[in-house]
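Secondary and tertiary structure notes
Spelled out from the first residue to the last, the chains are:
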Amino acid sequence: MSSMKKSEELWWRSLRDRTSSPELLEESRQEFAEDASLLPDSFSRRRFMQIMGASAALAGMTGCRWPKEKILPYSSRPAGQEPGNTQAFASSMDLCGVGRGLLASSFEGRPIKIEGNPEHPASLGAADSFAQASVLQIYDPDRSQHLRYEGEDSDWDSFLAFARPHFAGIREARGKGLAILSNSSSSLSREAFRSRLQKELPEALWLDHEPLSRETQTAGLEIAYGKRLRAQFDLSHAERIVCLDEDLFGQHPDALHLTRSFSRFRRAEEGSMNRLYVLEPAFTMTGGMADHRKPLKVGEVDSFLHRLASLLGVPGFAHGKNDEFLQALADDLLEHRGKSLLCAGPRQPARVHALLALLNEKLGNVGKTLHYTEEFLPPSDSDSLRRLQRNLKKGRVSTLLILSSNPAYDAPRDLLPDLSKASTIHLGLYQDETAQLCDWHLPEAHYLESWGSSRTWDGTASPVQPLIEPLYGGKTQDEILSILFGEELDDWQLCRDSFGREMPESRWQKALHDGLLAGSESSPVQGKIREKKVLSAQEKPSHDSGLELVFSADASVLDGRFSNLAWLQETPDPVSKLTWDNAALLSPSTAAQLGIKDEDLLALELDGRSLKVAAMLVPGVAEDSVILPLGYGRRNAGRVGDGVGFDSYALRSSKSSWYSPALLLSKAGGKYKLALTQDHWMIDKLGFEERARRLPSLIRQGDLKEYQEHPDFARHMDHHPPLDSLWKEHEYPGHRWGMAIDLNSCTGCSACTVACQAENNIPVVGKAEVRRGREMSWIRMDRYFRGDLENPEMGVQPVACTHCELAPCEAVCPVGATAHSDEGLNDMAYNRCIGTRYCGNNCPFKVRRFNWFGYSSRASETEKMAYNPDVSVRGRGVMEKCSYCVQRIESARAKSKVEGRELRDGDVTPACAQTCPAEAIVFGDLNDRESRVFRLHENPRSYALFGELNLKSRTAYLARLKNPNPALVHEQGDQDGHHHG
């Protein structure tokens, strides 16, 4: 590759970066904002305290978690508990009706950290950002702490005094007048209660509601096979993957497992690579990993699929005009029969999923790259709310029990239930929008406070076990349902019974220990495709030329249930890099046609409903599509989530629950400030064209063919002669710690960022401070684009302290606060730091964070119980940064010493590497030539950021590889500006 790169082959962070905005260049050359040390007048002390209190994970009434008793010496400690050491307990977290296998760490009786369970098939040791942040939720000061009756505080005795006779009357009437509205749950006991309700209370109505329902997928398979089925994907055998409006690695319930199996098939050193085609309305994490990606409106997917079906030999479809991309895709799929996979997301109608099932059958994929299992969840789409609304209006519901659901906020606007029509009881973690309208509100126990169960995507049964007594006396759904049936059993007994009373105790104990019941996964279901049914369900594709509104789950708050978790609010969106808000995302071309600029306030109107929302221009959005993330604009989320962003549910209806081609858009006048991080901490502070002449690529990429011909292509991209040091490199006789980050695996999910935050007591700072570039995260996820504005390529790169051997930060510290350890770590002595910030100025990677306001100093003694005790809490006026999780190194060292052995490869895993679903981050001892990290450093794809500075960084990056279709290389290059060797 020529050292003179074409400008279209360069990576850029933002539209301002691409045009070498003078304002951006000036901003990037300043280490901090001009008045960064001042507290802005517009940022009230009250709001500051709200954000800081939430980031400190307020414990509220944590002191009541142990019963009152006489103080006794700790000479006889509880069995299995070691003072000063954390313990890990296997558990699971149910989210949207799908369980995730986890390990929850407890320190002297309180949960402080979540990891993935390495023995669990659903997580394989990984955990996403929602699971990582769930430990913050248990200490949320805004969690419901009291029962409420008609707006006044109450207690459980008062509720039981009401519930016992009330529910007894319902049982006598065989359930007449009772309706239950619940979230989707894979709990085994919930399933048992549902069956029991059908037998004992047949007049009752039980409905599930999930704002992010995947019911269209189930309905499509029901058309195709006549059964309610669930698709199980095996990406480890899929050589060709086609995703139509589906985010397998981000929003799919089985994303952790899918990411792991996909990334292991991207290692060219171990054999061939898979090939991923993605067609979607806006960039997702899956789209960022694609070998070929095309922006496509949601409403145009069925048209595309019809043409593809024709080329694959399905009668009754026309492929229309010659389409080189479509023909190449069809040929590639036909060439890989039995080794390919086609899938679509929940925004697509049932007929699309039915046709995909037919195409997978035609291609011989069923039984090889996917199989089907029975769907164990009941329907949870708009029909549930429609039935409830109809029964409420007709007076058939006198008692409505709402379990962990918030329809007053997230229901389609034409299906909002009239809660005044019945006596209402609400169970939830928060006194949310629905709780405010109910007669009774009951505090719910967090999953870390509960006994229970869940089933993962493949059906594996997993116990949920508590690490702490309910902080606020909350009850589980199972306990409330037990009251309904007049039994009043506790959650432990209900959990144990749900796994079978006849189960041997030894097997039950093993399930608790392992975090799953071995052999409980769902069995494959054989079915015969009903081709005629599939074809008759197809409709003539529409060709809408207007603006399309597309609703999407949010990467930070999902559907709004995590709105009050500041860790997630401050984690930048993987694509837009937006924090503390949502926005209407448009392509640059669509925005130009409408005269819209970033941060313009827009007026959106859909079927008579309207919403004002800020605009944001994002490359890769399909033309004439407007993407609107859900989950913001909350009114009763808590002090962190209230009033943040825009309520997208205001535009959602049962007819347009995912998208609508009838959007009316106009400029509302005025601006709305957004907090974006995409241009923060720039490490290549030159204009776009100037970078082409002077700097090597930060993200280095080639294709499979180039790699096979020149495995060390990444190292040839350096713009410098061979480097020599003036002195001999220091030798480390013991351990020499290092890290490797494989850009070919990383999806940019940001789970590492949240895991690092939880592990290292990193505070959040709030929207106003983020706008000033003061975010505190120790590992940031840089996102880049390159190529055409409308359909660029996306790349991601995690960046933290690289622990340089010749660290430029150390030479300029006047007090020696940052120095090398005897194992090569770039350590920080926080008590010695006087805050000159010289080290930050001299760091080329911009990974050091200055603690402007002592964000954690305002926490009370009770609040501090949420901190990781192995990591110091930093005060105001010091620099802080990644330490390679030195506390974990020391912990592993102590353990190996007790066991009388040396540290082994894999004994030490930093928080970022442990949670990574893609196994993109590897840590270990570079002195161990057999270690995985050493082998990755020696890999020909490895390179160093700013290697020309000869800093001898301990973190190496491995170049990305793409596996483009040879028939499309010229098209991809012409269209996207890709370089293919």
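Residues numbered from 1 in each chain as written. Predicted model: local features only at pLDDT ≥ 70, side-chain atom pairs only at ≥ 80, totals over all residues. Heavy atoms only, no water.

In total, this model carries 22 aromatic pairs according to the counting rule given. On the basis of an interplanar angle of 55° and a centroid distance of 6.0 Å, the ring pair of Trp 492 and Trp 508 is categorised as tilted. With Trp 492 in helix H16 (residues 491-498) and Trp 508 in helix H17 (residues 505-514), this residue pair connects regions lying 16 residues apart in the sequence. Overall, the relative accessible area of 32% leaves Trp 492 in the partly exposed class. (Phe/Tyr/Trp six-rings, centres within 6.5 Å; stacked < 30°, edge-to-face > 60°. Helix = DSSP H or I, 4+ residues; strand = E, 2+ residues; numbered from the N terminus. Buried < 20%, exposed > 50% of the residue type's maximum accessible area, 1.4 Å probe, protein only.)

This part covers the sheet that holds strand S16 (residues 440-443). Taken together, seven strands build an open sheet; the order of strands is S5-S4-S16-S15-S14-S6-S7 and the sheet is mixed. With partners counted over all chains shown, the strands left at the sheet margins are strand S5 (152-154) and strand S7 (205-208), one partner each. Each strand axis lies, on average, 20° off the axis of its neighbour in the sheet, ignoring direction. Relative to strand S14 (residues 399-403), strand S6 (residues 178-182) is paired through five bridges, and the arrangement is parallel. (Pairing = 2+ DSSP bridges. Axes fitted to C-alpha atoms, helices over the stretch in contact; angles between N-to-C directions.)

Another point: the side chain of Asn 582. The topology assignment puts Asn 582 in the loop between strand S20 (578-579) and strand S21 (584-586). Taking the relative accessible area as the measure of exposure, Asn 582 reaches 1% and is therefore buried. Within the structure, Asn 582 has its side chain in polar contact with the backbone nitrogen of Phe 646 (distance 2.8 Å). Within the local environment of Asn 582, its side chain forms a polar contact with the side chain of Ser 648, the two groups lying 3.3 Å apart. Excluding anything up to four places from it in sequence, Asn 582 contacts Pro 629, Tyr 632, Gly 645, Phe 646, Ser 648 and Leu 674. (Polar contact = N/O pair within 3.5 Å; in protein donor to acceptor, adjacent residues only side chain to side chain. Contact = heavy atoms within 4.5 Å.)

Residues Ala 461 and Pro 463 point to one face of strand S18 (residues 461-464) and Ser 462 and Val 464 to the other, with burial holding for every one of them. Pairing between strand S17 (residues 452-455) and S18: four bridges, direction antiparallel. Looking at S18, one finds that Gly 452 is bridged to Val 464. The loop that links S17 with its antiparallel partner S18 comprises five residues; one of these, Gly 459, has a positive phi angle of about 95°.

Turning our attention to helix H23 (residues 751-759). Of all the nine residues making up H23, nine are buried; the element is thus mostly covered by neighbouring parts of the structure. All buried positions along H23 are accounted for by Ala 751, Cys 752, Thr 753, Val 754, Ala 755, Cys 756, Gln 757, Ala 758 and Glu 759.

Side chains of Arg 387, Arg 390, Lys 394 and Arg 396 sit close together on the surface and give a patch of like positive charge. With respect to the element layout, Arg 396 can be found in the loop between helix H13 (382-393) and S14. Arg 396 sits in the partly exposed class, given a relative accessible area of 48%. (Patch = residues over 30% accessible without salt bridge, like charges linked within 9 Å, V, L, I, M, F, W, Y side chains within 5 Å. Areas by Shrake-Rupley, 256 points an atom, 1.4 Å probe, with all protein chains shown as cover. Salt bridge = Lys/Arg side-chain N within 4 Å of Asp/Glu carboxyl O. Lys, Arg positive; Asp, Glu negative; His and termini not counted. Charge placed at Lys NZ, Arg CZ, Asp CG, Glu CD.)

With that out of the way, let us pick up the environment of Cys 801. With respect to the element layout, Cys 801 can be found in the loop between strand S30 (793-799) and helix H25 (808-812). Taking the relative accessible area as the measure of exposure, Cys 801 reaches 7% and is therefore buried. Taking the C-alpha atoms as reference points, Cys 801 and Cys 843, 42 residues apart in sequence, are found 9.1 Å from one another. What Cys 801 contacts, discounting residues up to four positions off in sequence, is Asn 826, Val 847, Lys 881, Cys 882, Tyr 884 and Thr 955.

What follows concerns the sheet that holds strand S12 (residues 340-344). Read across the open sheet, the four strands follow the order S11-S10-S9-S12; overall the sheet is parallel. The open sheet is flanked by strand S11 (292-295) and S12, the only strands paired with a single partner. Taken over all neighbouring pairs, the strand axes of this sheet differ in orientation by 10° on average, direction set aside. As defined by bridge partners, strand S9 (residues 240-244) adjoins strand S10 (residues 275-280) across five bridges and the pair is classed as parallel. Within S10, the residue paired with Leu 244 across the bridge is Leu 279. The strands that helix H11 (residues 324-335) touches are S9, S10, S11 and S12; relative to S10, the one it contacts most, it runs at about 140°.

The next point concerns the confidence of the model for the protein. Put simply, the protein has an average pLDDT of 88, and 89% of its residues get 70 or more. For the stretch residues 1-5, pLDDT sits under 50, and the model shows 14 contacts to residues farther than four places along the chain or on other chains. In this model, residues 971-981 is a region of pLDDT below 50 whose contacts with residues beyond four sequence positions or in other chains number 30 contacts. (pLDDT = per-residue confidence, 0-100.)

Now for the environment of Gly 428. Tracing the backbone shows Gly 428 in strand S15 (residues 423-428). The class of Gly 428 is buried, set by a relative accessible area of 3%. Excluding anything up to four places from it in sequence, Gly 428 contacts Ser 144, His 441, Leu 442, Pro 443 and Glu 444.

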